[in-house]
Number of protein chains: 2
Amino acid sequence: MNTEPYLEDFKRILKKENLRYTSQRVEILKEIASSNHHLECEDIYFSLREKGVDASLATIYRTMDLLVKHQFVRKLNIGEGRARYENKIDGEHHDHLICTECGNIIEFVENDIEVLQEEIGKKYGFKLTKHIHQLYGICEDCQNETD
Amino acid sequence: MNTEPYLEDFKRILKKENLRYTSQRVEILKEIASSNHHLECEDIYFSLREKGVDASLATIYRTMDLLVKHQFVRKLNIGEGRARYENKIDGEHHDHLICTECGNIIEFVENDIEVLQEEIGKKYGFKLTKHIHQLYGICEDCQNETD
DNA sequence: GTTGTTGCAAACAATTTGCATATTC
DNA sequence: GAATATGCAAATTGTTTGCAACAAC
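Just so we're clear, the structure is a prediction, and the values are computed from it rather than from any experiment. (Residues numbered from 1 in each chain as written. Chains lettered and ligands numbered in written order. Predicted model: local features only at pLDDT ≥ 70, side-chain atom pairs only at ≥ 80, totals over all residues. Heavy atoms only, no water.)

**Student:** Could you give an account of the domain arrangement of chain A, with specific residues and numbers?
**Tutor:** All names here are of chain A. Domain boundaries in chain A define domain 1 (1–89) and domain 2 (92–147). Between domain 1 and domain 2 lies a buried interface of about 650 Å² when both sides are counted; carbon and sulfur atoms form 48% of it. Its largest share of buried area at the contact with domain 2, domain 1 owes to His38, Arg74 and Ile78, together 63% of the area lost on that side. At the junction of domain 1 and domain 2, the tally comes to 1 salt bridge. Across the domain 1-domain 2 interface, the total number found is 6 residue pairs in polar contact (both at pLDDT 80 or more). Counted by class, the side of domain 1 that touches domain 2 contains 2 nonpolar, 4 polar and 2 charged residues. (Domains from an automatic or database assignment. Buried area = accessible area lost by both parts, 1.4 Å probe. Salt bridge = Lys/Arg side-chain N within 4 Å of Asp/Glu carboxyl O. Polar contact = N/O pair within 3.5 Å; in protein donor to acceptor, adjacent residues only side chain to side chain. Nonpolar A, V, L, I, M, F, W, Y, C, P; charged D, E, K, R; others polar.)

Following this line, the structure appears as structure tokens:
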């Protein structure tokens, strides 16, 4: 169904910015919206491809910028190399705990930290816009494997 | 003076790993150690160059890996693109508050957050090794400029 | 003298861009 | 029909790597 509310929002935003509501943009957004993983542009490229939807990598990169700008997705810079993107449409804010051995990502929410962050922003006179908070370590499974 | 204790440490570590104590490595480490900024490899390359010290960019990249591994520096992935490195030799741990307008970086320390992080690690059975915590926003000066 | 290191240039990987063609409004 | 998007291939950027010459041990 193309009547998901986020698609309506997207349409409205595009119109306001004089941008076009193209099938590629819609498919890319739907792909992200229906996933709760942390996707790279290539992941999206291949998922769409499998579904018979063609969108070039260039278009995906271009669209991701647009989606980040309008808060549909969040760009993550886990580890190095490629960027990852996560659905930000529904679902509450969270941060990430990353296993450096197996790459597994756990999402965590810690309201006390959020509050402290706000206080730090205030203390230094910053108007905060976003934050990156990633904890890196070795998960239980990987710790056991090393034995 | 080449008798700074960290240089002695460095020498010892290199020996233990069967690596050589070369002038390039020493100069690169000294350059970082004497700075309290967040340097890119290119910054180091040019600073050394100005001082008449020649070290290729490739060597700097290689040395940074070594220094990160042995905890002399911390690698930061602020914003995107190039990596930055900061002196970790003395000075206590801190995180960063970054102005997205002017690029200014403020270092902050918030022990309560550190404690909460540990608790999260424990909760999920992780042995934490490092973390990235960056707050992004607009600093006081830049907020005023927009008027 | 052996082994690890450097510098250079070429290789790489992720991302961006220019431009002709296609699509939306 | 005018204006924006797309796909492609080429360009760019940060970083890594192979290898011959060089330096540390």
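**Student:** Account for the protein's contact with DNA strand C, naming residues and giving values.
**Tutor:** With respect to spatial proximity, 19 residues lie near DNA strand C, and among them Tyr61 and Arg82 of chain A together with Arg20, Arg25 and Thr59 of chain B are the closest. Here DNA strand C approaches the protein such that, of its atoms within 4 Å, sugar and phosphate make up 74%. Within the side chain of arginine 20 of chain A, an N or O atom sits 2.9 Å from a base oxygen of DNA strand C. The separation between a base oxygen of DNA strand C and a polar side-chain atom of arginine 62 of chain A is 3.5 Å. The residue makeup of the surface near DNA strand C, split by class, is 7 nonpolar, 5 polar and 7 charged. (Near = heavy atom within 4 Å.)

**Student:** Run through the packing of aromatic side chains, naming residues and quoting values.
**Tutor:** Remark: the centre distance and the inter-plane angle together describe each pair of aromatic rings, the angle taken between the planes. Taken as a whole and judged by the stated rule, the model has 6 aromatic pairs over all chains. With 5.1 Å between their ring centres and 70° between their planes, tyrosine 45 of chain A and phenylalanine 46 of chain A make a pair best called edge-to-face. One aromatic cluster in this structure is built from Phe10, Tyr21 and Phe72 of chain A. Directly above the aromatic system of tyrosine 136 of chain B lies the positively charged group of lysine 130 of chain A, at a separation of 4.7 Å from the ring centroid. (Phe/Tyr/Trp six-rings, centres within 6.5 Å; stacked < 30°, edge-to-face > 60°. Lys NZ or Arg CZ within 6 Å of the ring centre and 35° of its normal.)

**Student:** Just give me the short version of the pattern of salt bridges, but keep the residues and values in it.
**Tutor:** Residues and elements named next belong to chain A. On inspection of all chains with the given rule, the structure shows 14 salt bridges over all chains. Arginine 84 serves as the salt-bridge partner of glutamate 40, at 3.2 Å between the closest nitrogen and oxygen. In this pair, glutamate 40 is assigned in the loop between helix 2 (23–33) and helix 3 (41–50) and arginine 84 in strand 2 (residues 84–87), connecting sequence segments 44 residues apart. Judged by relative accessible area, glutamate 40 falls into the buried class, the value being 12%. Through salt bridges with shared partners, a single network forms among Glu40, Arg82 and Arg84. (Helix = DSSP H or I, 4+ residues; strand = E, 2+ residues; numbered from the N terminus. Buried < 20%, exposed > 50% of the residue type's maximum accessible area, 1.4 Å probe, protein only.)

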